Amino acid sequence: MTIRNTQDAVLYARVSSIKQVEQGNGLDSQIHRCRKYADNNGYRVLKEFRDEGITGSRADRKEIMAVVNFIEAHEAPVTVIMDDVTRLGRDMVVYFTLKEEIEALGGKVVFLTQKFDKSPSGKFVENIMVACGEFERLNNKERVIGRMAARVESGLWPYGLFQAYKPTQTPGIREPYEPAASVIRQALEGYAYGSLTSYEDVARFINSHKLLNYKGRPIIYNGDKAKDLLDSAWYQAGFVQLPKRNVPRRLGLHKPIISGSVLELIELRMSGKAVPKYRKNMNQNFPLKGHVLCDSCNKPMTASFCGHGDKYGYYYCRTGGCELNSKHVAHHVVHDQFLSLLQSATPKQELVDLARTILKDVWNQQWEAFQHDRHEWGMEASKLDEEIRSCVDELRKTNIPAIREAITERIQEFSERREVLRKKIHDFKELRNDFGDVLDRVVGVIEQPHTFWTEGDLSAKQMIQRLVFPKPLIFDQKAKKFRKPEKALVYRLFEKLNPKKQGLVDSNGIEPSTFAMPLRRSPS
């Protein structure tokens, strides 16, 4: 018959991973064994404490702190029953700190699998057991990190999700989802090409689309989060990397949403001069702000609302000494006049068709240049392979730490450049297929700039303004209209080729490059 005593006890269990919690492994079996021990040894169990999915290297675990507080508040001594020493801690400092704190409050710790007395040999064995637990934790951690680094080397990404991607059935491979992928791509390209000029600008653009993540939760950006997005744009470009584990950038197995050339431009901008802060007073209601000049002093006009709400919006000059200083003109008047300018710039359909034909001809000519670039990229990638092999040979021949570190850095630098080139070659294969969609978008803007300006967001409006009218426009406040603007070259050529003024010129008689919008060529 079991002899009962009056000792009060609590049970404590812990597992280190959420997976163990979700699968029901560990916690219930630990509590079951502890309760059985308590019943067989006459303890009265007052409460159970469970730390779910938290490492034993931390002392600030919620439930173990609750155990300490419970013992402190309880009048009678309390014994804490645990399955194993590793449940209390897998770090020697953490283990002895918690145990001494419990004992200082009059409590006692009992382990089912180990019993330690106060003798020198008992303390020695306890130290060995705790040290073994810490060694096992560190060894497990190193094995896990090594396995994850190996997965990155194979093109997988076993860590957290990146924006605009969701998990797939294949662990380590994510796939983009819409509409988030398109918006994030536009944001990254906008920063790369300069239409979005600051982190806050990128955040504002993304937030304007009111995106949801793949779980249906709102995606909200600020400047810091936008910077993180730009810093990790290598993933959206189709790469994976893990520098802290000596895994240089390489092609991933996931689908990219931006090109390698866009990534290069982003990283060039990120490593250059400080990005200017986005002006918080920039407003969708005043898209022409900064692009409209006062007709008296030729300085940019500012804009704002007067009173409450957005009913009374005005553009006005604030230049000191200007005779039109603080003279207001309603924003809808300015916008209506600007739309009229855009409509007047709309070319005839025959000229739009001609432009499409010429752009195709220009593209075919440029394709030959791209073929040359592709050959150059391939040659450079081959040279980098040779450089890497040479560095590896040098690495094998030396044991001097400083030299080995320098060679390793060179290998990583060469490897990253090689992967960028391989990505550009890969993008090149899809470039020709994408041309049709790009051509449709370009011609669409040329054909109906007023429609795109009316329906576009702030970034799109500003892009169209500078596409059609590269230079700021002067607004005549007395006449309430714009002075005759200087249009972009392509629109000036359309006017010269107006079939009402002269016969339609055959496309063979036009120098194709005069119609070609600048094609972005990535740095080689």
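Residues numbered from 1 in each chain as written. Predicted model: local features only at pLDDT ≥ 70, side-chain atom pairs only at ≥ 80, totals over all residues. Heavy atoms only, no water.

**Some words on the overall build of the protein**
No. 1: Counting its secondary structure elements, the protein contains 17 helices and 14 strands.
No. 2: Relative to its 524 residues, the protein shows a buried fraction of 41%.
No. 3: Intrachain contacts of the protein at a sequence separation of at least 6 include 64% that bridge at least 24 residues.
No. 4: A total accessible area of about 28,900 Å² is found for the protein, and carbon and sulfur atoms account for 51% of it. (Helix = DSSP H or I, 4+ residues; strand = E, 2+ residues; numbered from the N terminus. Buried < 20%, exposed > 50% of the residue type's maximum accessible area, 1.4 Å probe, protein only. Contact = heavy atoms within 4.5 Å. Areas by Shrake-Rupley, 256 points an atom, 1.4 Å probe, with all protein chains shown as cover.)

**Quick notes on the side chain of D84**
No. 1: Looking at the secondary structure, you find D84 in the loop between β3 (78-82) and α4 (85-88).
No. 2: One buried charged side chain, D84, makes no salt bridge at all; its nearest oppositely charged neighbour is R87, positioned 5.1 Å away.
No. 3: At 2.7 Å, the side chain of D84 and the side chain of T86 are in polar contact.
No. 4: Among the polar contacts made by the side chain of D84, one reaches the side chain of T113 at a distance of 2.9 Å.
No. 5: Residues contacting D84, with those up to four places away along its chain left out, are F111, T113 and Q114. (Lys, Arg positive; Asp, Glu negative; His and termini not counted. Salt bridge = Lys/Arg side-chain N within 4 Å of Asp/Glu carboxyl O. Polar contact = N/O pair within 3.5 Å; in protein donor to acceptor, adjacent residues only side chain to side chain.)

**A closer look at the packing of helix α7 (residues 180-193) against helix α8 (residues 199-207)**
No. 1: Running from N to C, α7 and α8 cross one another at 155°; their axes reach a closest spacing of 10 Å. With respect to their mutual orientation, α7 and α8 come out roughly antiparallel. Viewed along their axes, α7 and α8 form a crossing whose handedness is right-handed. Every residue of α8 that contacts α7 at V183, I184, Q186, A187 and Y191 is listed here: Y199, V202, F205 and I206.
No. 2: Tallied by class, the residues present in the contact of α7 with α8 amount to eight nonpolar, one polar and no charged. (Axes fitted to C-alpha atoms, helices over the stretch in contact; angles between N-to-C directions. Parallel < 35°, antiparallel > 145°, perpendicular 65-115°, else oblique. Left-handed = near helix turned anticlockwise from the far one by under 90°. Nonpolar A, V, L, I, M, F, W, Y, C, P; charged D, E, K, R; others polar.)

**Here we look at the nonpolar core**
No. 1: Formed by 41 residues in total, the largest nonpolar core has its most connected members in I206 and I266.
No. 2: Counting only elements with at least two residues in this core, the list comes to α6 (120-153), α7, α8, α9 (223-231), α10 (233-236), β7 (239-242) and α11 (260-270).
No. 3: By residue number, the principal contributor to this core is α7, which donates eight residues. (Core = buried A, V, L, I, M, F, W, Y, C linked by side-chain atoms within 4.5 Å.)

**A look at the sheet that holds strand β12 (residues 328-330)**
No. 1: One open sheet holds the three strands; their spatial order is β10-β11-β12, and the pairing between them is antiparallel. One side of each edge strand has no neighbouring strand; the edge strands of this open sheet are β10 (302-305) and β12. Sheet twist, expressed as the mean angle between neighbouring strand axes with direction ignored, is 35°.
No. 2: Looking at chain direction, strand β11 (residues 313-316) and β12 are connected through three bridges and run antiparallel. Residue pairing for β12: Y316 is matched across the bridge by H328.
No. 3: This element, helix α12 (residues 331-345), spans β10, β11 and β12 of the sheet and lies at about 65° to β12. (Pairing = 2+ DSSP bridges.)

**Some details on unusual backbone geometry**
No. 1: Of note, the amide linkage connecting E178 to P179 takes the cis form, showing an omega dihedral of 5°.
No. 2: Position of P179 among the secondary structure elements: in the loop between β6 (174-176) and α7.
No. 3: Non-glycine residue K210 carries a positive phi angle of around 50°.
No. 4: Inspection of the secondary structure assignment puts K210 in the loop between α8 and α9.
No. 5: For K210, a relative accessible area of 72% puts it in the exposed group.

**Some points on the sheet that holds strand β1 (residues 8-15)**
No. 1: An order of β2-β1-β3-β4 is seen for the four strands of this open sheet, with the pairing classed as parallel. Bordering the open sheet on either side are β2 (44-52) and β4 (108-111), each of which pairs with just one other strand. Direction aside, neighbouring strands of the sheet carry axes that sit 25° apart on average.
No. 2: Contacts from helix α3 (residues 62-73) reach β1, β2 and β3, with the element oriented near 155° to β2.

**Here's the deal with α8**
No. 1: Within α8, burial applies to Y199, D201, V202, A203, F205 and I206.
No. 2: Summarising the contacts, the buried residues of α8 are in contact with α7, α9, α11 and α16 (458-468).

**Structural notes on a nonpolar patch on the surface**
No. 1: A grouping of F124, V125 and I128 is seen on the molecular surface, where their side chains present a nonpolar patch of about 270 Å² in accessible area.
No. 2: Its location among the elements puts V125 in helix α6. (Patch = residues over 30% accessible without salt bridge, like charges linked within 9 Å, V, L, I, M, F, W, Y side chains within 5 Å.)

**Some thoughts on the confidence of the model for the protein**
No. 1: Mean pLDDT over the protein stands at 79; residues scoring 70 or higher make up 85%.
No. 2: At the low end of the mean pLDDT range in the protein sits helix α1 (residues 18-22), at 60; at the high end sits β3, at 92.
No. 3: Residue range residues 273-282 is modelled with pLDDT below 50. Its contacts to residues more than four positions away, or to other chains, number 20 contacts.
No. 4: When the criterion is pLDDT under 50, residues 501-524 qualifies, and its contacts beyond four places in sequence or with other chains add up to 49 contacts. (pLDDT = per-residue confidence, 0-100.)

**Focus: the packing of aromatic side chains**
No. 1: The tally for this structure, following the rule as stated, stands at 20 aromatic pairs.
No. 2: Considering the side-chain rings of Y165 and Y235, the 5.0 Å spacing of their centres and the 80° angle between planes classify their relative orientation as edge-to-face. Of the two residues, Y165 sits in strand β5 (residues 165-167) while Y235 sits in helix α10, which places them 70 residues apart along the sequence.
No. 3: Ring centres 4.9 Å apart and planes at 55° place the aromatic pair F286 and F305 in the tilted group. Residue F286 is located in the loop between α11 and β9 (292-294), and its partner F305 is located in strand β10; the two are separated by 19 residues in the primary sequence. (Phe/Tyr/Trp six-rings, centres within 6.5 Å; stacked < 30°, edge-to-face > 60°.)

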